[in-house]
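Commentary on secondary and tertiary structure
The lines below spell out each chain.
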Amino acid sequence: MEKLRNGYLFPEISMRREAHQKKYPDAKVISLGIGDTTEPIPSIITSAMAEYSLALSTPEGYQGYGPEKGQKSLRKAIAEKIYPNMGITDTDVFISDGAQCDIARLQMLFGRDVTIAVQDPTFPGYVDTGVIMGQTGAPDESGRYAGIEYMRCAPENAFFPDLATVPRTDVIFFCSPNNPTGHAASRDQLRQLVDFARGNGSIVVFDSAYSSYVSGDQLPRSIYEIPGAREVAIEISSFSKFAGFTGVRLGWAVVPDELLYADGTSVARDFDRVVCTTFNGASSVAQVGGLACLETEEGREAVRRVVGKYKENTRVLVDTFTALGKEVYGGDDSPYVWVRFPGQRSWDVFGEILEKTHVITVPGSGFGPGGEGFIRVSAFNSKEKVVEACARLTSFLA
Ligand code: MLT
């Protein structure tokens with residue numbers, strides 16, 4: 001715990017927001033910071049949850065603990081609707097209370113003696129749980145922890161590492177579409193990743209929490225679209241950004257049958273043991289909601305419409321920063337826009353924007369040393385607030 005360099009990124013930002021609001025009590029702060037959904041959940045989903053909840057008050061409808069791994073109907077819906085023709089079955093799927101919690105459970109499975117690689121920049125949960133597990137040495141001045149391989153993913157290398165120069169690690173955390181850069185890896189890039197992991201005997205933990213933001217049919221939404229991936233990859237994902245469930249809490253992990261340790265034993269069997277020991281299963285109410293998102297075309301269309309609204313906001317953000325002459329990335333396949341401020345420290349840019357516009361962003365360096373000089377701007381807010389934030393940013397930055 002002592003090695004952790006800073007507090008966790010998002011509570012740190014909340015503290016700065018509170019301090020700012022105290023300093024300017026009348027300021028109308030707009031958050032384009034943490035990726036927290038704001039759109040109401042479609043009623044086809046909430047009514048299913050409400051009906052199930054009311055039935056819990058009746059002797060016939062009451063249900064207690066469910067399977068730790070989650071309801072079979074939901075596991076089956078995920079296998080069929082999210083992973084069609086990818087060889088994933090309901091037995092490979094573990095329902096959870098969110099991808100972040102699965103990261104922690106996976107780290108518990110891996111233990112302290114593994115080596116890990118992460119994209120730089122990337123979602124801070126992989127590194128911080130690794131530090132908490134004791135996988136790392138102390139951080140250097142730039143914040144790099146000894147023992148972690150940081151795979152630089154920058155505009156200069158098309159946001160994909162040169163794997164020929166990356167040393168072997170036991171585990172590779174890879175998030176696509178990437179949080180924070182918004183870059184979605186191509187089929188060829190993921191093929192390289194799978195081949196690299198296979199050659200090295202590494203496990204890839206592929207985080208697809210933002211896959212529903214991918215536009216068009218060219219880019220893969222799951223690692224399992226790549227042949228051979230079931231033998232090297234675990235996929236974690238979430239209903240948070242796909243269905244607005246950040247508060248409801250629901251996610252899943254896929255640990256395929258084919259994923260084996262070097263001695264031929266099953267990774268899924270051990271993960272099952274970890275899950276059964278540390279978790280009593282996701283909320284049954286949330287699971288009913290998850291099923292309502294997937295089982296009918298009406299449900300699937302309802303969540304697509306919500307994602308579409310955030311994607312419209314992303315367009316507004318990209319257009320605004322482009323008009324300001326900024327170097328802007330992401331946005332097309334992700335709810336995040338990644339903006340470069342050359343020669344500036346990202347916490348300084350974050351602070352100046354907050355001070356002058358009352359808009360919350362996220363400093364790029366919070367996602368790793370490779371994020372220095374960037375800020376991440378999120379599309380998770382109402383259209384009206386995003387437009388207002390863009391007007392304020394334009395008058396400050398123009
Ligand atoms: C983010 O803002 O990067 C994430 O959405 C926060 C989270 O999922 O924990």
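Residues numbered from 1 in each chain as written. Predicted model: local features only at pLDDT ≥ 70, side-chain atom pairs only at ≥ 80, totals over all residues. Heavy atoms only, no water.

Named according to an unreviewed UniProt entry, the chain is Aminotransferase class I/classII large domain-containing protein originating from Lolium multiflorum. Regarding the chain, the relevant UniProt record gives this comment under Sequence similarities (unreviewed entry): "Belongs to the class-I pyridoxal-phosphate-dependent aminotransferase family. LL-diaminopimelate aminotransferase subfamily." (UniProt positions renumbered as here; feature names shortened; annotations may be inferred.)

**Section: the overall build of the chain**
In terms of regular secondary structure, the chain is built from 12 helices and 13 strands. Compactness check: the chain gives a C-alpha radius of gyration of 21 Å against a globular reference of 21 Å for 398 residues, within 12% of the reference. Reported as C-alpha extents along the three principal axes, the dimensions of the chain are approximately 55 × 55 × 40 Å. In the chain, buried positions account for 52% of the 398 residues. Here the contacts in the chain between residues at least 6 apart in sequence split such that 73% fall between residues at least 24 apart. If you sum the accessible surface of the chain, you get close to 16900 Å²; carbon and sulfur atoms cover 52% of it. Charge separation in the chain, taken as the distance between the mean sites of 40 positive and 50 negative side-chain charges, equals 3 Å. (Helix = DSSP H or I, 4+ residues; strand = E, 2+ residues; numbered from the N terminus. Rg over C-alpha atoms; globule rule 2.2 N^0.38 Å. Buried < 20%, exposed > 50% of the residue type's maximum accessible area, 1.4 Å probe, protein only. Contact = heavy atoms within 4.5 Å. Areas by Shrake-Rupley, 256 points an atom, 1.4 Å probe, with all protein chains shown as cover. Lys, Arg positive; Asp, Glu negative; His and termini not counted. Charge placed at Lys NZ, Arg CZ, Asp CG, Glu CD.)

**Notes on the UniProt feature "domain: Aminotransferase class I/classII large" (unreviewed entry) in the chain**
Residues annotated in UniProt with the feature "domain: Aminotransferase class I/classII large" (unreviewed entry) correspond here to residues 28–393. Summarising residues 28–393: 37% helix, 15% strand, and an end-to-end C-alpha distance of 14 Å.

**With respect to empty space enclosed by the protein**
Tallied over the entire structure, the rule returns 1 cavity of 30 Å³ or more. In this structure, the largest cavity encloses a volume near 40 Å³. Along the walls of the largest cavity sit Q119, C153, F159, F174, C175, N178, T181, H183 and A185, which together make up its complete lining. (1 Å grid on protein atoms, 1.4 Å probe; cavity = no way out; pocket = protein on both sides within 12 Å on 5 of 7 lines; lining within 4 Å. Points joined across faces, edges and corners; volume = space filled by probe spheres on them.)

**Quick word on the domain arrangement of the chain**
The domains assigned to the chain are domain 1 (9–40 + 299–397) and domain 2 (47–296). For domain 1 versus domain 2, the distance between C-alpha centres works out to 25 Å. Contact residues are listed per partner, giving 30 residues for domain 1 and 37 residues for domain 2. Carbon and sulfur atoms supply 59% of the area that domain 1 and domain 2 bury against each other, a total of about 2600 Å² over both sides. When residues of domain 1 are sorted by the area they lose upon contact with domain 2, R300, D333 and P369 head the list and together hold 25% of the total. Where domain 1 packs against domain 2, one counts 1 salt bridge. Among the ionic pairs, E156 bridges to R340, the shortest N-O distance being 2.6 Å. Secondary-structure elements contributing two or more residues to the side of domain 1 that touches domain 2 are α1 (9–23), α10 (297–323), β9 (327–330), β10 (336–340) and β13 (374–378). Considering each element in turn, the side of domain 1 that touches domain 2 owes the most residues, 6 residues, to α10. When grouped by side-chain class, the residues that make up the side of domain 1 that touches domain 2 number 13 nonpolar, 9 polar and 8 charged. (Domains from an automatic or database assignment. Buried area = accessible area lost by both parts, 1.4 Å probe. Salt bridge = Lys/Arg side-chain N within 4 Å of Asp/Glu carboxyl O. Nonpolar A, V, L, I, M, F, W, Y, C, P; charged D, E, K, R; others polar.)

**Digging into helix α9 (residues 284–294)**
For an α-helix the count is 3.6 residues per turn, leaving residues at separations of three or four pointing the same way. Burial within α9 is extensive, with 8 of its 11 residues counted as buried. Of all the positions in α9, only A286, Q287, G289, G290, L291, A292, C293 and L294 are classed as buried. Residues of α9 that are buried in the fold lie against α2 (43–55), α3 (72–82), β2 (93–96), α7 (240–243) and α10.

**A short note on the pairing of β13**
Burial of β13 is extensive: 5 of the 5 residues sit out of reach of the surface. The side-chain alternation of β13 yields two buried faces, one formed by F374, R376 and S378 and the other by I375 and V377. In this structure, strand β12 (residues 362–363) lies alongside β13, joined through 2 bridges in antiparallel fashion. Paired with V362 across the strands is R376, a residue of β13. (Pairing = 2+ DSSP bridges.)

**Focus: the packing of α2 against α9**
The geometry of α2 relative to α9 is characterised by a closest axis approach of 8 Å and an angle of 145° between their N-to-C directions. The two elements α2 and α9 cross, and the hand of that crossing is right-handed. Along the contact surface, α2 presents I44, I45, A48, M49, Y52 and S53, while α9 presents S284, V285, A286, V288, G289, A292 and C293. When the residues that make up the contact of α2 with α9 are grouped by side-chain class, the tally is 10 nonpolar, 3 polar and no charged. (Axes fitted to C-alpha atoms, helices over the stretch in contact; angles between N-to-C directions. Left-handed = near helix turned anticlockwise from the far one by under 90°.)

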